[in-house]
Structure formats: C-alpha cells, structure tokens
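A look at the structure
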Amino acid sequence: MSHQAISTIFIGNPGTGKSTLLNALCPAPDANDVVFKSGVAFGHGLTTVCQREKDKHGNVFIDTPGLSDIALRKQAAEEISNALSEGGLFKVFFVMTIESGRIRPDDKTTMKLVHDAAPAIGNAYSIIVNKIPCNTQRKLATDDDTRKEFLASLLLDMPPTGHVAFLPKVWRDRDVSAPSCQVEELEDADNVVFTFPPNVLQFINAAPVVDIPIESVKKIETDMYESMLGKLSEQLDQMKHDNATLRATMEKQREQYAQELEASRKRQEELQKENKEAMEKMQKAMEEKEKQSKRQDIFGKVLDVFTKVAPLIIPMFSRV
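Rules used throughout
Residues numbered from 1 in each chain as written. Predicted model: local features only at pLDDT ≥ 70, side-chain atom pairs only at ≥ 80, totals over all residues. Heavy atoms only, no water. Salt bridge = Lys/Arg side-chain N within 4 Å of Asp/Glu carboxyl O. Helix = DSSP H or I, 4+ residues; strand = E, 2+ residues; numbered from the N terminus. Patch = residues over 30% accessible without salt bridge, like charges linked within 9 Å, V, L, I, M, F, W, Y side chains within 5 Å. Areas by Shrake-Rupley, 256 points an atom, 1.4 Å probe, with all protein chains shown as cover. Buried < 20%, exposed > 50% of the residue type's maximum accessible area, 1.4 Å probe, protein only. Contact = heavy atoms within 4.5 Å. Pairing = 2+ DSSP bridges. Axes fitted to C-alpha atoms, helices over the stretch in contact; angles between N-to-C directions. Parallel < 35°, antiparallel > 145°, perpendicular 65-115°, else oblique. Nonpolar A, V, L, I, M, F, W, Y, C, P; charged D, E, K, R; others polar. Arc of directions from axis to C-beta. Lys, Arg positive; Asp, Glu negative; His and termini not counted. Charge placed at Lys NZ, Arg CZ, Asp CG, Glu CD. Polar contact = N/O pair within 3.5 Å; in protein donor to acceptor, adjacent residues only side chain to side chain. Core = buried A, V, L, I, M, F, W, Y, C linked by side-chain atoms within 4.5 Å.

According to the stated counting rule, one finds six salt bridges in the structure shown. Residue K112 pairs with D116 through a salt bridge whose shortest N-O separation is 3.4 Å. Of this pair, K112 and D116 both sit in helix α3 (residues 105-117), separated by four residues, roughly a single helical turn.

This is the structure we're talking about:
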C-alpha cells in the first residue's frame, strides 16, 4: 500500500509563533537556516500568503497568514480556504496565545471562522496555546480547576477536542514541565531555530488526522469577523465573572465531548467495516483472477498439445 502524504497546516494570527513551530517540524538542510521566516514585522504579520514545504517523505507543511490583520484579512482568508480546498489528509493545528491568563478573542474568532468554513474538520483538530508566561504555565499544570475553566473558554462554540497543548515561552533543559522564568532571549527574535522537547513532538505526531473533501470547504466569512469577535469577547467576559455561566458551559462541553466520542467510535466502526468489505472484495477478485489464470493456462496447454498432434491426426482422417 502506497504512503498517502499528510498536510500539516498551522492556522493562527500574527505573533502566535506558527512559523517558529513549523521550523522545528520541517528543519532546513542548513542547521543555521530556517524554512519558514519568523520574527517581528511591525504593522502586519510576516506571513502574507500560504507557504508550503515538503519533507523527504512527501508530507506537506503549511504556514498560513492570520485573520486579525484587517488590511490583509480577505487575502489571508482566501489563502487558508485555498489550502484546505486542496483536500486530502490534514493535521489541523490552531495556534494561539493568551493575555493576562485569558484566551485572546481574536484567536478564538479566527479558529471559529476557519472551522465554520471547513466543517469536515469536526473535532479532529489540535490546539497549541503558545508562549505562555511561566507562572501561568505552572498554574495550568498544577491546578485542575484553573485548567478546566481555561479549556471551557478555549473550546467555547467549538466541537470539543481532547488534543490541546500548553507551551511555555522558554524551556529549561528542554523540559516542558519545568519552564525557565529568567532569560527569554528568544522572544521576538528573528528566524529562531530550536528543537522540540520529546513530549511536544509526541503531541504533534499523535495529532488527529482528518480527510477533508475538496467540495466541503467554503469561503471564510471575513465580513462576520468583527461581529463574531464582539460576541465571543462578551461570552468570554461573562464566563470569567459568572460562575453559573461557566459551569453551564463546562457541562455542555462535557456532553458534547461524550457525543463526539460516540460519533467518532461509530465512524471508526463504519470505516473498519468498509475496509473489511473492501479487503474481502479485493480478495475475491484476486481469487477469481487466479482461477481465470489457471483456466487459461490449462486451455493453453490443451491448445499446445492439439497443435502438436493435429498434423499427425488430420492426414489419417484424410486417407479414410
């Protein structure tokens, strides 16, 4: 069976660190160089069009522009839609950052609009909350209530996914669980080259893969950006100050997640059944082809024998 390439697409707004993360996944041949340019660009993001790069296995890595830049929003939306419209197998990563311990509404809006335009993604997507301040990272790692509340805000109005990673701004000894709070010399640096800690690489390798049909991708509705931004900002603020709203949201997400898991299980069973039926059909076809080949072989041998003896038999009948 031939290897089917997977497209890994990173979606997020300027400054979230998409390009730097992709450089760790798809390193340049020169260890001092990068494939995806990254750093500070004043006024707009460095990535204004989708950049596609392939690894030695034929897998594609895609860096996308962000939707929060109003001057480039329509162009960015078209670039993202075109990338997803190519169809096939995707690993979809939404990359975002936080401010004062809260999800940025711009990042939530981008994630929601892109997902609405490609509903086939379902819950088969991943979220990377990147460049988290050290104290916030520790709290998310050690306080269950804080983490649950944060996830409730993060997954608001989205099909719940269980594939979320929290990445600190810097690592000490490449250990995500022990971020350093002393020196952050990589912050805003251009074209940073670094290597993922093993657990982050495992997270990315284990990310869900989704088959996105070409015809299922719609236009990203950029005209709805501002209204959706306002709505999500209001909802996030209400959740922060209203425990009842927060609890109701968390309960709803638990129910949705359970439903998504059940639907995913059924899809998996259906896929296994389809694969089994396809394999059985293929096996029968191969067996029939083998039988036909044997019949042709026998017929060929009989014909060969007849060809050899016919010159001897026909004259005998002619004399008679």
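A cluster of nonpolar side chains, contributed by M279, M282 and M286, occupies part of the molecular surface with about 330 Å² of accessible area. Relative to the helices and strands, M279 resides in helix α8 (residues 243-319). Accessibility expressed as a relative area gives 52% for M279, which makes it exposed.

Attention shifts here to helix α1 (residues 18-25). Across the eight residues of α1, eight count as buried, placing the element largely inside the fold. Taken as a whole, α1 has its buried residues at K18, S19, T20, L21, L22, N23, A24 and L25. Elements that come into contact with the buried residues of α1 comprise β1 (7-12), β3 (60-63), β4 (88-96), β7 (126-132), β8 (164-168) and α6 (198-205).

What follows deals with the pairing of β8. Where burial is concerned, most of β8 is hidden: five out of the five residues are buried. Alternating residues of β8 divide into V164, F166 and P168 and A165 and L167, and every residue in both groups is buried. Alignment of β7 against β8, held across four bridges, turns out to be parallel. Within β8, the position partnered with I128 by the bridge is A165.

The subject of this paragraph is the packing of helix α4 (residues 134-142) against helix α5 (residues 144-154). It is at 5 Å that the axes of α4 and α5 come closest, and there the two elements cross at 100°. Considering their axes alone, α4 and α5 lie roughly perpendicular with respect to each other. Every residue of α5 that contacts α4 at K139, L140, A141 and T142 is listed here: D144, T146, R147 and F150. Classifying every residue of the contact of α4 with α5 by side-chain character gives three nonpolar, two polar and three charged.

What follows covers α4. Restricting attention to buried positions, one finds in α4 the residues C134, Q137 and L140. Across the axial projection of α4, the buried residues extend over an arc of 125°, all falling on one side. Turned more than 90 degrees from where α4 packs its buried face, N135 and T142 sit exposed. Contacts from the buried residues of α4 go to β7, α5 and β8.

On the surface, E270, E274, E277 and E280 cluster together to form a negatively charged patch. By secondary structure assignment, the location of E280 is in helix α8.

So, about the side chain of D69. Among the secondary structure elements, D69 is positioned in the loop between β3 and α2 (73-85). Buried and unpaired, D69 has no salt bridge, with R73 as the nearest side chain of opposite charge at 7.1 Å. A distance of 3.1 Å separates a polar side-chain atom of D69 from the backbone nitrogen of A71.

With that settled, consider the nonpolar core. The biggest cluster of nonpolar side chains holds 47 residues, and the ones touching the most others in it are L67, L84, V92, Y125, I127 and V129. Residues within four places of L67 in sequence aside, it is in contact with N13, R73, A76, A77, I80, T110, L113, V114, I220 and Y225. In this structure, L25, V95, L167 and F196 belong to the second largest nonpolar core, which totals 18 residues.

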